Amino acid sequence: MIYLDNAATTQIEETALGAMLPFLKGEYGNASAVYELARNSKRAVFNARKQCAAVIGAAPNEIFFTSGGTESDNWALIGAYEAWKKKQGEACAVSGKAEAPGKTSVTEKAGGHIITTATEHHAILRTAEYLESLGVSVTYLVPDGEGFVNASQVLEAVREDTFLVSVMTANNEIGTIEPVCEIADAVHGVRKDILFHTDAVQAFGQIHLDSFAEHVDLLSASSHKLGGPKGVGMLYIKDGIKFGSFVRGGMQESGRRAGTENVAGIVGFGAAAEASFAGIDAKINKETALRDRMIAELSNITGVIINGPYEKGDSAKRLPGNISVCIKGIEGESALIMLDREGICASSGSACTSGAREPSHVLKAIGRADDEAKGSLRFTLSHHNTGEETDRAAAVLAEIVSKLRGRNRF
Ligand code: PLP
């Protein structure tokens, strides 16, 4: 098998697995209890908090463990809305407006405004739609042809009632790395009260985010994208930000995200984060070289268009391990099935909606026509891949493309 779908999930790193095993066996204490067995779990969770915090230059008390990137994104958006609503309610209570009989109070009529991008993951887009259903206005910024949004675009969209801006760090389909810190600084330059969130699920542990905590207020990450276990993630919440709890119940995660901790999962996440952080430059260099080698091979196939920004050797504008292409005259889905028969795992940019294959919203947002977008394929590499693997995948794909094009002629 050749695994080239690391943006979907990654194989667990030995260091993460090794760190988890004791907590799946003898170290089963509930971190909230008072005896030594429990204290071991508590210490392990705290250690993981430190390991995750280090990746973005945060303090451990600013890291809140969740069940994954999707929950973190939901919490960021819904939490920001609830915090804003609470502030509106307090402002009304002071001015006495909400008390006026027969009048619609601000809490009854939600209002408010958020800014995000048209190329976010569905964890953000569906949550933004949910907020719309509550009366929030949402601006979906349209990126340029390479998937970038910029600070002036965001500033132009800011309204008096804007309470949140959410721009992803790196795109999961086309690998575009957004100028997130620049945008966050620009937003805070004009309005300190607007929260800035970034979905860093594809970037955390993959590229340098060392000083992100200085710039953003909220950041989502997920363990299984960097060699940790599935079902665990985190939300960074900058110290001092008034942000309510998402899951109510016990006092875990400082009372902000209740529920007995997934100790083994959290420990695995921490170990994977630490290992990625320690080896990040070697990983970036290896993946960038592999990506360039595979793109060079794929360029021999006629009708291949690269999606997203691409420059050989560059890992500042595009994720090092990301290759996204549209291939003229083929269906990406058919190519995927044929690649799978040859033991090659990749993905396409289309999403299955009500049984129909819809062209990817990301590819459409960067201007690809429907039939171009339908011919999309994504290969995402990890530091475990080799040049032999990427060469073989490119050669197999070249054969598949000529077979599919031959079929399509009749
Ligand atoms: N955000 C982005 C950019 C992603 O790529 C993903 C997963 O692919 C998620 C959020 C959701 O993360 P999780 O699978 O941990 O729920």
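Residues numbered from 1 in each chain as written. Predicted model: local features only at pLDDT ≥ 70, side-chain atom pairs only at ≥ 80, totals over all residues. Heavy atoms only, no water.

Trainee: Looking at this structure, I do not really get the site of the ligand. What am I missing?
Mentor: With respect to spatial proximity, 13 residues lie near the ligand, and among them Thr-70, Asp-199, Gln-202, Ser-222 and Lys-225 are the closest. Between the ligand and His-224 there is a distance of 2.9 Å, counted from an oxygen atom to a side-chain nitrogen or oxygen. In this structure, an oxygen atom belonging to the ligand sits 2.6 Å away from a side-chain N or O atom of Lys-225. In the complex, 85% of the free accessible area of the ligand, which totals 390 Å², lies under the protein chains. Here the ligand is seated within the largest pocket. For the shell around the ligand, the element with the highest residue contribution is helix H3 (residues 69–95), accounting for three residues. Residues of the shell around the ligand, tallied by class, amount to two nonpolar, eight polar and three charged. (Near = heavy atom within 4 Å. Polar contact = N/O pair within 3.5 Å; in protein donor to acceptor, adjacent residues only side chain to side chain. Areas by Shrake-Rupley, 256 points an atom, 1.4 Å probe, with all protein chains shown as cover. 1 Å grid on protein atoms, 1.4 Å probe; cavity = no way out; pocket = protein on both sides within 12 Å on 5 of 7 lines; lining within 4 Å. Sits in = over half its atoms within 2 Å of the grid points. Helix = DSSP H or I, 4+ residues; strand = E, 2+ residues; numbered from the N terminus. Nonpolar A, V, L, I, M, F, W, Y, C, P; charged D, E, K, R; others polar.)

Trainee: Honestly, empty space enclosed by the protein in this entry has me stumped. Any pointers?
Mentor: Picture a little ball the size of a water molecule; that probe, rolled over the atoms, points out where space is still empty. All told, the structure shown has two cavities of 30 Å³ or more when counted by the stated rule. Here the largest cavity defines a volume of roughly 250 Å³. (Points joined across faces, edges and corners; volume = space filled by probe spheres on them.)

Trainee: Explanation requested: the layout of surface pockets in the structure shown.
Mentor: Quantified by volume, the largest pocket comes out at close to 740 Å³. Forming the boundary of the largest pocket are 45 residues, of which His-121, His-122, Asn-172, Glu-173 and His-361 lie nearest the centre. At the level of secondary structure, the elements contributing two or more residues to the lining of the largest pocket comprise H3, helix H4 (122–133), strand S12 (351–353), helix H11 (361–365) and strand S14 (376–380). By residue number, the principal contributor to the lining of the largest pocket is H4, which donates five residues. Taken together, the residues of the lining of the largest pocket sort by class into 15 nonpolar, 20 polar and ten charged. Inspection of the lining of the largest pocket shows a minimum of three residues originating in each of domain 1 (14–277) and domain 2 (280–399). Of the volumes computed, that of the second largest pocket is approximately 500 Å³. (Domains from an automatic or database assignment.)

Trainee: Is there a simple way to think about the pairing of strand S10 (residues 322–327) in this case?
Mentor: One face of the sheet, then the other: side chains in a regular strand alternate in exactly this way. Taking burial as the measure, the six residues of S10 include six buried ones, the bulk of the element. A two-sided burial pattern is seen for S10, the buried positions comprising Asn-322, Ser-324 and Cys-326 on one face and Ile-323, Val-325 and Ile-327 on the other. Of the strand pairs in this sheet, strand S9 (residues 304–306) and S10 are connected by three bridges, and their pairing is antiparallel. Each residue of the ladder has a partner; that of Ile-305, found in S10, is Cys-326. (Buried < 20%, exposed > 50% of the residue type's maximum accessible area, 1.4 Å probe, protein only. Pairing = 2+ DSSP bridges.)

Trainee: Honestly, the sheet that holds S10 in this entry has me stumped. Any pointers?
Mentor: By definition, the strands of a sheet pair up through backbone hydrogen bonds, in either a parallel or an antiparallel sense. Strand order in the open sheet made by the three strands is S9-S10-S14, with antiparallel pairing throughout. Strands at the two margins of the open sheet, each flanked by one partner only, are S9 and S14. The sheet shows a mean angle of 30 degrees between the axes of neighbouring strands, direction not considered. When S10 meets S14, the two strands line up antiparallel, connected through five bridges. Bridged to Ile-323 within S14 is Phe-379. Sheet contacts for helix H9 (residues 280–298): S9, S10 and S14; angle to S10, the most-contacted strand, approximately 15 degrees. (Axes fitted to C-alpha atoms, helices over the stretch in contact; angles between N-to-C directions. Contact = heavy atoms within 4.5 Å.)

Just distances and angles here, no functional claims.
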